[in-house]
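Given next are the chains, with one letter for each unit.
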Amino acid sequence: MINNQLEWRALQPDTDSVQSLFSELPDDSCYFSEVQPRLFNTLSLLLDSQAKLPLMLVKTPEHPEYQALLQTVISGFDDESVTLYGGHYHIDGAAVSWRPAESEQDNFASTGGVHSADWIEAEQLFGCFRQYNNTLTLEPGLVHKANGGTLLLSLRALLAQPLLWLRLKQILSTRQFSWHSPDESRPLPVAVPPMPLHFRLILTGERDALADFQEMEPELAALAFYSEFEDNIQIVDEQSFALWIKWARSVAADEDLLIADDLWPVLMREAVRYTGDQETLPLCPVWLARQFQEAAANSDENLINGEHLQAALDNREWREGFLAERIRDEILLDQILIETEGEAIGQINALSVIEFPGHPRAFGEPSRISCVVHVGDGEFHDVERKAELGGNIHAKGMMIMQAWLIAELELDQQLPFSASVVFEQSYSEVDGDSASLAELCALISALSSQPITQQIAVTGSVDQFGRVQPVGGLNEKIEGFFHICQQRTLNGSQGVIIPAANVRHLCLQQEVVDAVREGKFHVWAVESVEEALPLLTKTEWDKEDAPCLLRSIQERIAQINQQEGRQRPWPLRWLNWFNQS
């Protein structure tokens, strides 16, 4: 039998191999161009471009921190020479005239630069025309201050106010600003001459906002420069890891904080839980700043260490752990039936991730899946789907695992069994295919009458060839089952089965790692259904010279076919004789 059990070292990222970098790396500054080369290159192209439509779309999270970061980066492109743009409006009674700027003191003069706004209103963006006691005043807006420079705006704000975008688009395309009355029913009381206006426009927003803009302005979106802030960095060598350390240091420096060497392993483990990949670390300045700020709350100085950060993480988990504890209590009080000992036919523990709307933390919960079979026409009943509680992806997973089973049985006729598969005590919609491996094992157990151990929980999806595919939420799923077993007392035989492709996503809590190291809990990684079944049933799926699950199912099918053969219907001539009589 293949040994699929993982060592405890595989359950967390390896921080020992890079420990020397934490202390040996000099405190060099990390340039934006090093961690965001694509975005930096696109910004430089926009600033050097003489395009008729100087528009750029940037995919970033909806947070002012990103606009401030982009503003700082773009400001670094500006040279020291001062060029005047814009002009001066002279108001003489009811007469308004305009001339090009001669000094920075002119009321509509600009030296370019970078200007940004997370939310905008009409007067803030386009300025305003005021008349009070026969006195006229003109006030510049963001477009005038950005004349000759760059304007950074939130795409979300523009999409919420389409009329602002229509006027801004006209200014951008015509390179001229014309004054309009704020009241559409009343024109301006005096004629105000237009002024030339030219600036580069950068719109930032999430991907759904960019999709809405592309649908609204397909031609402009096709002509615009595009780039995105890369949230993560792939750790492929020591150089990329050193780059991440320097970037995190620069974020800490912005918070006036110093980082002790023993903080890095704690931060790295939390970063891997955040990205969900041992070889990927986050670049999000907002996320990094939050970790440092909460760690600083436990320190009396501006130096933060591993103990400070770990205490902050433990406290955050406790603050946000109410729902997870209540659901765990329901299981421990047998209000939700989850068995962690013994064996059962057609019953298995699957692993689920629960995400409540408005709740900041996802958490794992074991789910009981049961399957019963009976003589029938070969139909597989997905109870969740029939009750309209199963989503399309879940239904797809069910059909895929059924296809694999039918292909493996190599039947020349219809399967003489019908099966019913259900998530027990599930009262809301079930979707996703991460339980298809567990459902398939439960179905095989019911067909072969071979019991499944209840000490092992399973997650993973399967394809039509029986290969186990990766799923999400591994850490939360494993920890959810572990905490139930722990509170019922670990017996050394409990554990979870996960897809082998998910090993790189593991970053488990320290108490789980310690339990695996002590042999009290186990994690098995499998690549196929054939590898998972012996762990659950202690019987191979297919073996020529020994009992196996496949042969048990085939023998049961043969018995049913023989019984049906002995119960043939009466010949047709007998039925005709009865009808005539």
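Residues numbered from 1 in each chain as written. Predicted model: local features only at pLDDT ≥ 70, side-chain atom pairs only at ≥ 80, totals over all residues. Heavy atoms only, no water.

Peer 1: Looking at this model, I keep getting lost on the overall build of the protein. Mind explaining?
Peer 2: Secondary structure assignment for the protein yields 23 helices and 27 strands. For the protein, the C-alpha radius of gyration of 33 Å lies well beyond 25 Å, the compact-globule estimate for 581 residues. Expressed along its principal axes, the backbone C-alpha trace of the protein runs to roughly 115 × 80 × 40 Å. Within the protein, buried positions represent 49% of all 581 residues. Intrachain contacts of the protein at a sequence separation of at least 6 include 76% that bridge at least 24 residues. The centroid of the 41 positive side-chain charges in the protein is displaced by 5 Å from the centroid of its 86 negative side-chain charges. (Helix = DSSP H or I, 4+ residues; strand = E, 2+ residues; numbered from the N terminus. Rg over C-alpha atoms; globule rule 2.2 N^0.38 Å. Buried < 20%, exposed > 50% of the residue type's maximum accessible area, 1.4 Å probe, protein only. Contact = heavy atoms within 4.5 Å. Lys, Arg positive; Asp, Glu negative; His and termini not counted. Charge placed at Lys NZ, Arg CZ, Asp CG, Glu CD.)

Peer 1: Please explain the side chain of Ser352 as it appears in this structure.
Peer 2: Considering the arrangement of structural elements, one finds Ser352 in strand S18 (residues 347-354). Within the local environment of Ser352, its side chain forms a polar contact with the side chain of Ser367, the two groups lying 2.9 Å apart. Sequence-distant contacts of Ser352, defined by excluding residues within four places in its chain, comprise Phe363, Gly364, Glu365, Ser367 and Lys477. (Polar contact = N/O pair within 3.5 Å; in protein donor to acceptor, adjacent residues only side chain to side chain.)

Peer 1: What am I meant to see in the packing of aromatic side chains here?
Peer 2: Think of a pair of aromatic rings as described by two things: how far the centres are apart, and how the planes are tilted against each other in angle. Applying the stated criterion to the full structure yields 14 aromatic pairs. With 5.9 Å between their ring centres and 70° between their planes, Trp244 and Trp264 make a pair best called edge-to-face. Residue Trp244 is located in helix H11 (residues 238-254), and its partner Trp264 is located in helix H12 (residues 263-275); the two are separated by 20 residues in the primary sequence. With centroids separated by 5.1 Å and ring planes inclined at 85°, the aromatic side chains of Phe482 and Phe521 adopt a geometry described as edge-to-face. Taken together, the residues span a long stretch of sequence, with Phe482 in helix H19 (residues 474-487) and Phe521 in the loop between helix H20 (510-517) and strand S27 (522-526) at a distance of 39 residues. Look at Phe482 and you get buried, because its relative accessible area is 0%. A network of ring pairs unites the aromatic residues Tyr89, Phe108, Phe177 and Trp179 as a single cluster. Its end group placed over the ring of Phe126, Arg167 keeps NZ or CZ at 4.5 Å from the ring centre. The cationic tip of Arg517 hangs over the ring face of Trp8; the distance from NZ or CZ to the ring centre is 4.5 Å. (Phe/Tyr/Trp six-rings, centres within 6.5 Å; stacked < 30°, edge-to-face > 60°. Lys NZ or Arg CZ within 6 Å of the ring centre and 35° of its normal.)

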